[in-house]
Structure formats: structure tokens, C-alpha cells
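Tertiary structure, described
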Amino acid sequence: SQKIEQNSEALNIQEGKTATLTCNYTNYSPAYLQWYRQDPGRGPVFLLLIRENEKEKRKERLKVTFDTTLKQSLFHITASQPADSATYLCAGRSNNRKLIWGLGTSLAVNP
Amino acid sequence: DVKVTQSSRYLVKRTGEKVFLECVQDMDHENMFWYRQDPGLGLRLIYFSYDVKMKEKGDIPEGYSVSREKKERFSLILESASTNQTSMYLCASSSPHDRSYNEQFFGPGTRLTVL
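A short note on the overall build of chain B
A count of helices and strands for chain B gives zero helices and 11 strands. Counting from the amino terminus, helix and strand elements in chain B follow one another as β-β-β-β-β-β-β-β-β-β-β. Taking 115 residues into account, the globule formula puts the C-alpha radius of gyration at 13 Å, and chain B, at 13 Å, falls close to it. Seen through its principal axes, chain B has C-alpha atoms that stretch 40 × 25 × 25 Å. The buried share among the 115 residues of chain B stands at 50%. Contacts in chain B between residues far apart in sequence, at least 24 positions, make up 56% of those at least 6 positions apart. In the structure as shown, chain B presents an accessible area of about 5500 Å², 49% of it carried by carbon and sulfur atoms.

Describing the pairing of strand 1 (residues 3–6) of chain A
Residues and elements named next belong to chain A. Covered by surrounding structure in strand 1 are Ile4 and Gln6 only, the residues Lys3 and Glu5 on the alternate face being uncovered. Relative to strand 3 (residues 19–26), strand 1 runs antiparallel, the two being bridged by four bridges. For isoleucine 4, the partnering residue across the bridge sits in strand 3 and is tyrosine 25.

A few points about the state of the cysteines
Inspection of the entire model under this criterion finds two disulfides over all chains. Between the sulfur of cysteine 23 of chain A and that of cysteine 90 of chain A lies a disulfide, 2.0 Å long from S to S. As the torsion about the S-S bond is roughly -65 degrees, the cysteine 23 of chain A-cysteine 90 of chain A disulfide counts as left-handed. One end of the pair, cysteine 23 of chain A, is in strand 3; the other, cysteine 90 of chain A, is in strand 9 (residues 86–93), with 67 residues separating them in the sequence. Across this residue pair, the class does not change: cysteine 23 of chain A and cysteine 90 of chain A are buried. Sulfur-sulfur distance for the disulfide between cysteine 23 of chain B and cysteine 91 of chain B comes to 1.9 Å. On the sign convention where negative is left-handed, the bridge of cysteine 23 of chain B and cysteine 91 of chain B, at about -75 degrees about the S-S bond, is left-handed. Of this pair, cysteine 23 of chain B sits in strand 3 (residues 19–25) while cysteine 91 of chain B sits in strand 9 (residues 87–94), and the two are 68 residues apart along the sequence.

Brief notes about the sheet that holds strand 7 (residues 62–67) of chain A
All names here are of chain A. The five strands are arranged 1-3-8-7-6 in an open sheet whose pairing can be described as antiparallel. Both outer strands of the open sheet, strand 1 and strand 6 (56–59), are each paired with one neighbouring strand and no more. Direction aside, the axes of adjacent strands within the sheet are offset by 15 degrees on average.

Some details on the interface of chain A and chain B
In this complex, chain A contributes 18 residues to the contact, which on the side of chain B involves 23 residues. Both sides together, the interface formed by chain A and chain B hides about 1600 Å², and carbon and sulfur atoms give 53% of it. We note a salt bridge from lysine 98 of chain A to aspartate 59 of chain B, for which the minimum N-O separation is 3.5 Å. Elements represented by at least two residues in the side of chain A that touches chain B include exactly strand 4 (32–38), strand 5 (45–51), strand 9 and strand 10 (99–101) of chain A.

What to know about the pairing of strand 3 of chain B
All names here are of chain B. Residue alternation in strand 3 divides its side chains into a buried set, Val19, Leu21, Cys23 and Gln25, and an unburied set, Phe20, Glu22 and Val24. Two elements, strand 1 (residues 4–6) and strand 3, share three bridges in a ladder whose sense is antiparallel. Within the sheet, the bridge partner assigned to glutamine 6 lies in strand 3 and is cysteine 23.

Let's talk about the packing of aromatic side chains
Residue and element names in this part refer to chain A. Within the structure shown, the criterion is met by 13 aromatic pairs over all chains. Look at tyrosine 36 and phenylalanine 46: their rings are 5.6 Å apart centre to centre, the planes differ by 75 degrees, and that puts the pair in the edge-to-face class. Here phenylalanine 46 lies in strand 5 and tyrosine 36 lies in strand 4, a separation of 10 residues in the sequence. Just as tyrosine 36 is buried, phenylalanine 46 falls in that class too.

Here we look at the sheet that holds strand 8 (residues 73–78) of chain B
Residues and elements named next belong to chain B. Sheet architecture is open: four strands sit in the order 1-3-8-7, paired in antiparallel fashion. Among the strands making up the open sheet, the edge pair consists of strand 1 and strand 7 (64–70). Pairs of neighbouring strands in the sheet enclose a mean axial angle of 20 degrees, with direction left out of account.

Rules used throughout
- Residues numbered from 1 in each chain as written.
- Chains lettered and ligands numbered in written order.
- Predicted model: local features only at pLDDT ≥ 70, side-chain atom pairs only at ≥ 80, totals over all residues.
- Heavy atoms only, no water.
- Helix = DSSP H or I, 4+ residues; strand = E, 2+ residues; numbered from the N terminus.
- Rg over C-alpha atoms; globule rule 2.2 N^0.38 Å.
- Buried < 20%, exposed > 50% of the residue type's maximum accessible area, 1.4 Å probe, protein only.
- Contact = heavy atoms within 4.5 Å.
- Areas by Shrake-Rupley, 256 points an atom, 1.4 Å probe, with all protein chains shown as cover.
- Pairing = 2+ DSSP bridges.
- Disulfide = S-S within 2.5 Å.
- Axes fitted to C-alpha atoms, helices over the stretch in contact; angles between N-to-C directions.
- Buried area = accessible area lost by both parts, 1.4 Å probe.
- Salt bridge = Lys/Arg side-chain N within 4 Å of Asp/Glu carboxyl O.
- Phe/Tyr/Trp six-rings, centres within 6.5 Å; stacked < 30°, edge-to-face > 60°.

Pasting the structure below:
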């Protein structure tokens, strides 16, 4: 079945470092991948979308890559801040136009 | 500022009750979605709609129904609530762009507890 997998282990980093989160997809080729941020008790908030024909996308301190050979997207937050602490969700468009969601990776940025 | 609102943030119901969860969006979006989110299971799609009066089953539609009488409103109905429907329910909307389901805008969620 089509799957989006994210590292279930929480990521702890020091303020100012770059956080890198991984999203792997299996058994299909998504036309695009999306990244969302979710704070506890709240709905996800869209951050970035990257299409399969794009290698990299940037938005302020965020960068996303899409590697169709590795079947993987990397999500980077540079110069991380404690306010970046949240769960980050990856979602890929499925063949029937719905989104397939990963379980998310929790990021904690320590001051 | 775009907005998706849900009728309640917290709801407590009894087993067997009929439960209505309402979602309203002000972005004139064609697509609307209902998810539930549980620890370890992530976001799971219950139903979605890409037009008024249109609905399609998601991955876990059993025990739920939906109604979309107006473009801005998408209701989720639990016909007879059960304890295994205790969850966080999230509504989302998106614009169609040839129905490619682009970025989804989420409501704040309703935490439903069924006793």
C-alpha cells in the first residue's frame, strides 16, 4: 500500500543549529509532497509544497528537497529557534488525489 | 485571513448519542475534508467532498456520515457514538486546482470524548 514514513523518534537540537527531518514514500510516486507544522491541540498549518520535478524549495529559514531516486524528501530549518518546536507532518498526494499523511516527527529546539 | 472554524473545541457525549460536528470555511473552497487524529495512527481521512452535495468515502468512513448542503459548510455525523470514536476531529478545506487538492487549511479541531 502507498505509504509516507517519517522518523518517529523525536529530534532534539540546540538553538541556532539546522534541524533536518526525513520523509520517505513507498509503493507510489507522489506528484508533490507537502510539509505542515502542528502544535499540540491544534490543527496542522501548511508550510511548503514541492513538486516531483522540483529539486529544492525555500521559504525564509525553511528548505525542502525532493529526491525521486531515493524516494525521499528532506525538510530543513536553519538557525532553529525554540519557537520552531512542534510536530512536522509530511503528506504526499496519492494516485486518487487524496493526501497520504505521515505520522509526523516531533522537534524540540533547546535554548 | 483565511479561516476554517469548527463548532466546538471540546465535546463530551454518551454512547449511542447522535453527534453533529460542524465545519465552516470562508475561503470559497470547493474541497472539504474530515479527519480524525489519534496517537500512533496519525491523520486518517473519514470523508471528503469536492462540491456541494458531493461526498466521497475516505479511509475510515464506518460509523460516520456527512452532509454538504452549502459550499461553506461540511458536517460530520456520528450516527450512534461509540467509545472508539473518542478522538480529535479535524476539518480542512482546499481550493481545487483541477481537483489536485493543494494545500489544506485546517480548523482548530474538536476533541470528542464518548463515555
